[in-house]
Amino acid sequence: VDLAPATRVALLDGFALVRGGTTAAVNDLPRGAQRLIAHLSLCGRPGRSAIAGQLWPDVPEELAHGSLRSALWRVQKVVPGLVDVSGGALGLADGVRVDVREFTDWARRVLDPHAVVDSMLTPDVGLHGELLPGWYDDWVLLARERLRQLKVHALEVLADKLACDGRYGEAVQAAYAAAGTEPLRESAHRAVVRVHLAEGNIAEAVRAYNAFRELLLGELGVAPSPLMEELILPARLGMAPARASDAARRPGRSRSLPPRA
Amino acid sequence: VTLNQDQSASLLVRVWLEGGTDGFRARLTSVDTSPGNDGAELTVGVASSPSDVITLVQTWLTAFLGPGADPDSDPS
């Protein structure tokens, strides 16, 4: 039975199975079967022993293999053709789409320094969705963190590429999405500042810098790194209002002041 | 096999460097993996030095073990 081309597994924002454009009855799949499908979606084509050990780590090996056989039987019954069994390994059948794999492919294209920005349509679900929320198996936690890191790196690079292409609106969205993923991550905030500067929005750049500086001070009691300071320095100097006392000490800069009456 | 009285949790320590080795940053996030919990992530704390991370881990373990428990003791 070849149902694979019309089948899509979604793991971001929760587990879902779509066949022929309609959501399959996930409720018909017990949790063990859902975990098997999710694991194969994330891990490719592992061996039976590896799967059993990952999915049922707290039970004896024989019992884990029994649980795997049961879960596989259930998957084959509810979604025939989804899982390909060959030798001692299991994998999703050819042509089955997985949202995490699509998101990963997108992120790798973004991170490719030679890739052009035109082809980088942003996959919304990948940017906002979390991997299998509410699942806390070790292999899910690790995969979730890996995706999170991939996302934040891709967003930072995407912001710069979009800004270079003059697509400032999308660029600033990408930069803020990166900063939202980890609010203390300075490289994401530098991306925000760079986009504002590239667009010529000096005040916005300084505002973004100040907000980050205050956040960092409040949360960690530290200042931004020299990289951030170097980035924002010209803008801050350009924005600093001239003061009479400064002018008196540095007469060479008094030209920015209005002539005294 | 999941026992109802199981109590477990995960602590995720994210560390990164900003602008060189002086810019150490960390965020500690916990997930309550006990049965009946939704597995939501909670920020335990943020840190700008490795020693602060160790303090946060110690505090988190003490809270996990409950009142009166000594995280330095050997449960065996």
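Residues numbered from 1 in each chain as written. Chains lettered and ligands numbered in written order. Predicted model: local features only at pLDDT ≥ 70, side-chain atom pairs only at ≥ 80, totals over all residues. Heavy atoms only, no water.

All right, on to the overall build of chain B then. The secondary structure content of chain B amounts to 1 helix and 3 strands. Element order for chain B, N to C, with α for helix and β for strand: β-β-β-α. Residues classed as buried in chain B amount to 33% of the 76 residues present. Considering only residue pairs separated by 6 or more positions, chain B has 30% of its internal contacts joining residues 24 or more positions apart. (Helix = DSSP H or I, 4+ residues; strand = E, 2+ residues; numbered from the N terminus. Buried < 20%, exposed > 50% of the residue type's maximum accessible area, 1.4 Å probe, protein only. Contact = heavy atoms within 4.5 Å.)

So, on to the packing of helix H6 (residues 138-164) of chain A against helix H7 (residues 168-181) of chain A. Residue and element names in this part refer to chain A. One can describe the packing of H6 onto H7 by two numbers: an axis separation of 8 Å at closest approach and a directional angle of 155 degrees. Our classification of the angle between H6 and H7 gives roughly antiparallel. Seen along the crossing, H6 lies across H7 with a hand that is left-handed. Contacts between H6 and H7 involve Arg148, Lys151, Val152, Leu155, Glu156, Leu158, Ala159, Leu162 and Ala163 from the former and Tyr168, Glu170, Ala171, Ala174, Ala175, Ala177, Ala178 and Thr181 from the latter. (Axes fitted to C-alpha atoms, helices over the stretch in contact; angles between N-to-C directions. Parallel < 35°, antiparallel > 145°, perpendicular 65-115°, else oblique. Left-handed = near helix turned anticlockwise from the far one by under 90°.)

Turning our eyes to something else, we now look at the environment of Arg108 of chain A. Residue position: Arg108 of chain A is located in helix H4 (residues 99-111). Distance from Arg108 of chain A to His196 of chain A, taken between C-alpha atoms, is 25 Å for residues 88 residues apart in sequence.

Glycine aside, a negative phi is what most residues show, and trans is what most peptide bonds show. Residue and element names in this part refer to chain A. One non-glycine residue, Asp13, adopts positive backbone phi at about 70 degrees. Relative accessible area serves as the criterion here: at 55%, Asp13 is assigned to the exposed category. Notably, Leu132 is not glycine yet its phi reads approximately 40 degrees, a positive angle. Summarising the element assignment, Leu132 is placed in the loop between helix H5 (124-128) and H6.

Further remarks concern the confidence of the model for chain A. Residue and element names in this part refer to chain A. A residue-level look at chain A finds 83% of positions with pLDDT of 70 or above and a mean pLDDT of 84. Of all helices and strands in chain A, the one with the weakest mean pLDDT is helix H11 (residues 244-249) (45), whereas helix H8 (residues 186-199) scores best (96). Every residue in residues 1-5 scores below 50 in pLDDT, and together they form 9 contacts with partners more than four places removed in sequence or on other chains. (pLDDT = per-residue confidence, 0-100.)

Right, let's talk about the packing of aromatic side chains for a bit. With the rule as written, the count across this model stands at 3 aromatic pairs over all chains. With a centroid separation of 5.9 Å and an interplanar angle of 15 degrees, the aromatic rings of Trp60 of chain B and Phe64 of chain B are classed as stacked. With Trp60 of chain B and Phe64 of chain B both in helix H1 (residues 50-65) and 4 residues apart, this pair spans about one turn of that helix. Taking the relative accessible area as the measure of exposure, Phe64 of chain B reaches 29% and is therefore partly exposed. Arg31 of chain A extends its terminal NZ or CZ atom over the ring of Trp135 of chain A, reaching a point 4.3 Å from the ring centre. Residue placement shows Arg35 of chain A over the ring face of Trp56 of chain A; its charged tip is 5.8 Å from the ring centre. (Phe/Tyr/Trp six-rings, centres within 6.5 Å; stacked < 30°, edge-to-face > 60°. Lys NZ or Arg CZ within 6 Å of the ring centre and 35° of its normal.)

Turning our eyes to something else, we now look at H8 of chain A. All names here are of chain A. For H8, built from 14 residues, the straight-helix expectation of 20 Å at 1.5 Å per residue is met to within 8% by its first-to-last C-alpha distance of 20 Å. H8 sits mainly inside the fold: 10 of its 14 residues count as buried. Turning to H8, its buried residues number three or more, namely Glu186, Ser187, Ala188, His189, Arg190, Ala191, Val192, Val193, Val195 and His196. In the stretch just after H8, Gly200 is the one whose phi turns positive, near 90 degrees. (Expected span 1.5 Å × (residues − 1).)

What follows deals with the sheet that holds strand S2 (residues 24-32) of chain B. By definition, the strands of a sheet pair up through backbone hydrogen bonds, in either a parallel or an antiparallel sense. Residues and elements named next belong to chain B. The strand order S1-S2-S3 describes an open sheet built from 3 strands, whose pairing is antiparallel. Two strands bound the open sheet, and with one partner strand each, they are strand S1 (9-17) and strand S3 (41-47). With direction set aside, neighbouring strand axes in the sheet form an average angle of 20 degrees. With 6 bridges joining them, S2 and S3 adopt antiparallel strand pairing. From the neighbouring strand, Ala26 faces S3, where its bridge partner is Ala47. (Pairing = 2+ DSSP bridges.)

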